[in-house]
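Next come the chains, spelled out residue by residue.
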Amino acid sequence: MAHPLTVPSLTAGADFVLRPWEMSDLPLVREAAEDDYIPLITTIPSPYSDAAAQAFVRRQWSRAATGTGYPFTIARTRDRRPVGSIGLHLWDSAEGRATLGFWMTASARGQGVAGAALRTVTTWALHELRIPRVQLLVEPWNTASVRTAESAGYLREGLLRGWQEIGGQRRDMLMYARLSDDRFPGGG
């Protein structure tokens with residue numbers, strides 16, 4: 001078993017903080033459970049129940065406790081309201097790779113929040129954790145996530161055909177990556 005991890009709090013620009021999941025984040029889980037897409041690509045419970053949402057939060061804690069990842073809630077600084085999630089998964093860390101995944105509630109989309117969170121966790125993973133490669137997968141139709149990845153300096157490496165089952169169907173995924181020695185003009 002890997003060593004337990006401590007999920008830090010990270011500042012993502014002037015307006016957002018990335019922090020460990022808390023039981024007080026159940027309204028975020030409820031909002032995500034009502035989304036058409038988030039429950040298909042995550043373990044967010046749908047339909048929602050308090051018990052299932054509490055189990056979801058405990059699973060986030062378990063990822064850190066078992067050393068398999070750093071799960072973060074994305075929260076607004078001004079009122080601490082959670083608006084999304086980003087996680088650094090360490091399944092392939094022995095090979096020098098980590099995989100990022102993120103989602104935003106509908107009310108927080110289109111405001112640059114995901115990009116700020118992605119840049120923050122990517123920079124932290126590459127430079128503080130010294131992970132040589134951080135990658136993420138995006139469905140080709142998901143133009144918002146494609147733009148977010150590219151704005152954070154990720155390079156599209158290719159199309160993985162039939163890569164993953166989502167909603168009962170095999171789906172293609174675009175592979176994006178940043179390497180520790182990539183030069184990104186926006187910093188990080």
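What you see is a predicted model, and the numbers here were worked out from it, not measured in a lab.

Peer 1: Quick question: what am I supposed to make of the layout of surface pockets here?
Peer 2: Remark: the empty space left among the atoms is shown by a probe the size of a water molecule rolled over them. By volume, the largest pocket amounts to about 1,200 Å³. Taken together, 49 residues line the largest pocket, and the ones lying closest to its centre are Ile41, Thr42, Gly101, Phe102 and Trp103. The biggest single contributor to the lining of the largest pocket is strand β5 (residues 97–104), with six residues.

Peer 1: Honestly, the sheet that holds strand β1 (residues 10–12) in this entry has me stumped. Any pointers?
Peer 2: Strands belonging to one sheet form pairs held by backbone hydrogen bonds; the direction of such a pair is parallel or antiparallel. With respect to topology, eight strands assemble into an open sheet ordered β1-β2-β3-β4-β5-β6-β8-β7, the strand pairing being mixed. This sheet does not close on itself; its edge strands, each paired only once, are β1 and β7 (155–166). Strand-to-strand, the axes of this sheet are offset by a mean angle of 30°, without reference to chain direction. In this structure, strand β3 (residues 69–76) lies alongside strand β4 (residues 82–89), joined through seven bridges in antiparallel fashion. Its bridge partner being in β4, Phe72 is matched across the sheet by Ile86. Contacts from helix α3 (residues 50–65) reach β3 and β4, with the element oriented near 130° to β3.

Peer 1: Even after reading the chapter, I still don't get α3, so can you show me in this structure?
Peer 2: For α3, built from 16 residues, the straight-helix expectation of 22 Å at 1.5 Å per residue is met to within 8% by its first-to-last C-alpha distance of 22 Å. The inward-facing, buried residues of α3 abut α1 (26–33) and β3. Just downstream of α3 lies Gly67, where phi reads positive at about 75°.

Peer 1: Could you clarify how one ought to interpret helix α5 (residues 143–151) in this entry?
Peer 2: The periodicity of an α-helix, 3.6 residues per turn, causes residues three or four positions apart to be oriented the same way. Buried residues of α5: Ser145, Val146, Thr148 and Ala149, and no others. Buried residues of α5, viewed axially, fall in a sector of 165°; they line one side. Contact partners of the buried residues in α5: β5, α4 (113–128), β6 (133–138), β7 and β8 (169–179). Positioned one or two residues after α5, Gly153 has a phi angle of 85°, which is positive.

Calculation notes
- Residues numbered from 1 in each chain as written.
- Predicted model: local features only at pLDDT ≥ 70, side-chain atom pairs only at ≥ 80, totals over all residues.
- Heavy atoms only, no water.
- 1 Å grid on protein atoms, 1.4 Å probe; cavity = no way out; pocket = protein on both sides within 12 Å on 5 of 7 lines; lining within 4 Å.
- Points joined across faces, edges and corners; volume = space filled by probe spheres on them.
- Helix = DSSP H or I, 4+ residues; strand = E, 2+ residues; numbered from the N terminus.
- Pairing = 2+ DSSP bridges.
- Axes fitted to C-alpha atoms, helices over the stretch in contact; angles between N-to-C directions.
- Contact = heavy atoms within 4.5 Å.
- Expected span 1.5 Å × (residues − 1).
- Buried < 20%, exposed > 50% of the residue type's maximum accessible area, 1.4 Å probe, protein only.
- Arc of directions from axis to C-beta.

By themselves, these figures tell us nothing about what the structure is for.
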